[in-house]
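# Observations on chain architecture
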Amino acid sequence: MLRKDLTNIASLACIQGANAVLPIFIFPYVLHLFGSAKYADLVVSEAISLIILAIVLFSFEVNGVSRVVSSYSRGGIAMASNVYCEIFFSRIIIWLLCLVCVLVAGLFLQAQFFFSLLCWMLVPLSFIFQSTYFYQSIENNLPVAIFTLISRLTCCLAVFFLLEPQTPVYVLPLIVGGCYLAGGMASSIYLRKVLGLQYVRVSFARLWECLLEGKEIFFGNIAVVLFRDSNLLVLSLFSVNPVAIASYSVVEKFIKAFQALIRPLNQFFFTRTIHALRDEVGPRPAALVQVLKLTWIQLLVLATILSGFIILWFIFNHYFEFLRSYPNKNLMAGLFLLMSIGVFFGVANFMLGTAGLNNLNSKKYYATILIVTGVTSVSICLTLTSLWGVYGAATSFVLGELILFTLIVTKYLKT
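All values derive from a computational prediction rather than experimental measurement.

### Some thoughts on the overall build of the protein chain
Looking only at helices and strands, the protein chain features 18 helices and 0 strands. Computed over the C-alpha atoms, the radius of gyration of the protein chain is 21 Å, within 12% of the 22 Å expected from 2.2 N^0.38 for a compact globule of 415 residues. Looking at the protein chain as a whole, 54% of its 415 residues qualify as buried. Looking at the protein chain alone, contacts between residues at least 24 apart form 83% of all its contacts between residues at least 6 apart. Only carbon and sulfur atoms are counted for the fraction: they give 71% of the accessible area of the protein chain, which is about 18000 Å². Placing the 26 positive and 16 negative side-chain charges of the protein chain at their respective mean positions leaves the two points 5 Å apart.

### So, the nonpolar core
Ranked by internal contacts, the top residues of the largest apolar core, which has 80 residues, are Ile26, Val30, Val159, Leu172, Tyr248 and Tyr412. Considering every element that reaches this core, the biggest residue donor is helix H12 (residues 242-276), with 12 residues. With near-sequence residues (within four places) excluded, Tyr248 lies in contact with Asn231, Leu232, Leu235, Leu335, Met339, Val390, Ala393 and Ala394. In this structure, Val62, Cys98, Met121 and Phe134 belong to the second largest nonpolar core, which totals 42 residues.

### Re the pattern of salt bridges
In this structure the tally under the stated criterion is 7 salt bridges. The residue Lys253 makes a salt bridge to Glu46 at a minimum N-O spacing of 2.4 Å. Separated by 207 residues along the polypeptide, Lys253 in helix H12 and Glu46 in helix H2 (residues 36-57) bring together distant segments of the chain. On the basis of relative accessible area, Lys253 is assigned to the buried category, the value being 5%. Across the pair Arg206 and Glu209 runs a salt bridge whose closest N-O atoms are separated by 2.9 Å. Of this pair, Arg206 and Glu209 both sit in helix H9 (residues 204-213), 3 residues apart, which is roughly one turn of that helix.

### Re the packing of H12 against helix H16 (residues 329-356)
Across the interface, H12 lies against H16 with an axial gap of 9 Å and an inter-helix angle of 25°. When the axis of H12 is compared with that of H16, the two are roughly parallel. Like other packed secondary-structure pairs, H12 and H16 cross with a definite hand, here right-handed.

### Quick look at helix H17 (residues 363-388)
The end-to-end C-alpha distance of H17 is 36 Å, a good match for the 38 Å that 26 residues give at a rise of 1.5 Å each. Taken as a whole, H17 has its buried residues at Tyr366, Ala367, Ile369, Leu370, Thr373, Gly374, Ser377, Cys381, Leu384 and Thr385. Taken from the residues just after H17, Gly389 is the one with a positive phi, measuring 65°.

### Comments concerning the packing of aromatic side chains
As enumerated under the stated definition, the model contains 23 aromatic pairs in all. Judged by centre distance (4.3 Å) and plane angle (15°), the ring pair of Phe58 and Phe218 falls under stacked. Note that Phe58 is positioned in the loop between H2 and helix H3 (63-105) and Phe218 in helix H10 (residues 215-229), a separation of 160 residues in sequence. Phe218 carries the same exposure label as Phe58, and that label is buried. An aromatic cluster is present here, built from Tyr84, Phe88, Phe89, Phe129, Tyr133, Phe134 and Tyr199 joined pairwise through their rings. Lying across the ring of Phe34, Lys38 places its NZ or CZ 4.4 Å from the centre.

### Digging into a nonpolar patch on the surface
Side chains of Val21, Phe25, Leu157, Phe160, Phe161 and Leu162 sit close together on the surface and give an oily, nonpolar patch of about 620 Å² of accessible area. Elements supplying a minimum of two residues to the nonpolar patch: helix H1 (2-34) and helix H7 (142-162). Looking at the nonpolar patch element by element, the count peaks at 4 residues for H7. Summarising the element assignment, Phe25 is placed in helix H1.

### Let's talk about the packing of H17 against helix H18 (residues 390-414)
At a closest axis distance of 8 Å, the pairing of H17 and H18 adopts a crossing angle of 155°. Classified by the angle their axes make, H17 and H18 are roughly antiparallel. In the crossing of H17 with H18, the sense of the turn from one axis to the other is right-handed. When its residues are assigned to classes, the contact of H17 with H18 shows 16 nonpolar, 8 polar and 1 charged.

### Considerations on the side chain of Ser396
By the secondary structure assignment, Ser396 is in helix H18. Apart from residues no more than four positions distant in its own chain, Ser396 is found in contact with Asn231, Ser377, Ile380, Cys381 and Leu384.

### Concerning the state of the cysteines
Here is the idea: a disulfide is a covalent bond, and it sits between the sulfur atoms of two cysteines. Counted by the stated rule, this structure contains 0 disulfides. Not engaged in a disulfide, the cysteine Cys119 finds its nearest cysteine sulfur in Cys179; these two sulfurs lie 13 Å apart. A residue is classified by how much of its surface remains accessible, and Cys119, at 13% relative accessible area, is buried. Cysteine Cys179 is unpaired, with the sulfur of Cys155 as its nearest cysteine sulfur at 4.6 Å.

### Focus on the side chain of Ser49
Tracing the chain through its elements places Ser49 in helix H2. Those residues in contact with Ser49, other than ones at most four positions away along the chain, are Leu117, Trp120 and Pro124.

### Some details on H16
An α-helical turn contains 3.6 residues, so any two residues separated by three or four positions project in the same direction. Its 28 residues give H16 an end-to-end C-alpha distance of 39 Å, which sits within 8% of 40 Å, the value for a rise of 1.5 Å per residue. Within H16, the axis deviates most sharply at Asn349, by approximately 30°.

Rules and cut-offs
Residues numbered from 1 in each chain as written. Predicted model: local features only at pLDDT ≥ 70, side-chain atom pairs only at ≥ 80, totals over all residues. Heavy atoms only, no water. Helix = DSSP H or I, 4+ residues; strand = E, 2+ residues; numbered from the N terminus. Rg over C-alpha atoms; globule rule 2.2 N^0.38 Å. Buried < 20%, exposed > 50% of the residue type's maximum accessible area, 1.4 Å probe, protein only. Contact = heavy atoms within 4.5 Å. Areas by Shrake-Rupley, 256 points an atom, 1.4 Å probe, with all protein chains shown as cover. Lys, Arg positive; Asp, Glu negative; His and termini not counted. Charge placed at Lys NZ, Arg CZ, Asp CG, Glu CD. Core = buried A, V, L, I, M, F, W, Y, C linked by side-chain atoms within 4.5 Å. Salt bridge = Lys/Arg side-chain N within 4 Å of Asp/Glu carboxyl O. Axes fitted to C-alpha atoms, helices over the stretch in contact; angles between N-to-C directions. Parallel < 35°, antiparallel > 145°, perpendicular 65-115°, else oblique. Left-handed = near helix turned anticlockwise from the far one by under 90°. Expected span 1.5 Å × (residues − 1). Phe/Tyr/Trp six-rings, centres within 6.5 Å; stacked < 30°, edge-to-face > 60°. Lys NZ or Arg CZ within 6 Å of the ring centre and 35° of its normal. Patch = residues over 30% accessible without salt bridge, like charges linked within 9 Å, V, L, I, M, F, W, Y side chains within 5 Å. Nonpolar A, V, L, I, M, F, W, Y, C, P; charged D, E, K, R; others polar. Disulfide = S-S within 2.5 Å. Bend = angle between axes of the 7 residues up to and from the residue.

Function cannot be inferred from these measures alone, as they are strictly geometric.
Put into structure tokens, the structure is as follows:
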């Protein structure tokens, strides 16, 4: 059992690491290659695609895990196939609707920006086929980890060998999306050919029921996107200097890499939390203690990783040529340290909220406070960005996580 657990944790770490490390190699290089103006347009279109990704994934990264765990334990891969197909076809329909919206919006967008956004649409499609949640649910993460790692390494090599300063900006999302989609298709084929997953017919009525079942989590996810992934759009709205937008974007990639390094433990302890709370009927102080027991070790690991980041920065930041070319290197370091505070609250929010409240009959409450936090955070971001620029956006990121943490803990203690 220990060996299996370690393999699953290592596989989840590989998946998250591949997804996180790729951007911190590619995007600083692309900034160096393309310059701030072209790069700013590129990352704004990517920010829109991340919102589309959250819409396409819907709520199934959370409640899909619970459903597959339950069905797999009762009837094996045959029964789990029904859940898989319900989720797969629901996501495909949502993706097609989003694609139609992008095509219509293309009538009003600048051509290069539209082509970039259209190519970024391959990334949400790849996650539909990759179905990481399914591998996580059956505790067999090694295959999808291998496919993910190979596709991300291929992507990284293609970017470094194919891109040139005069290359159109939409070629980058085309390369990224194409490589991601190839990895996703490989994961899908493995599920069918090796693990024996079957595609079954699902009625539109059942698909609609699935969407309604996860609506609270979905609205909560969209609210999370508001205060975690919309800051670049706000900076663009205020016409902040492209150099500052580029610097913020690179820091945001490093923050997401920082978050991704701890996410394998999030995912591993997510299923442990479901089991630990199965006898609890609602949020209360005793349930809070149980979840915190599964959270503190993650925060300790996170603090260790952050210390390592800081040490490596002071030792090596003068030795990389492309880093020396950045005009705002000190600004980037300050933004990273500030935003890293929010990551600690983010880990606690995932465990206490996503894993905790969603499994303690408090989905509606959690969705409500996520929406409140999202709207409040965007309002704070708009205000602080107008006053402090990129530091205002970074501050609003931290405040959003802090507000959410306060509202989550209040629910446990009030009850």
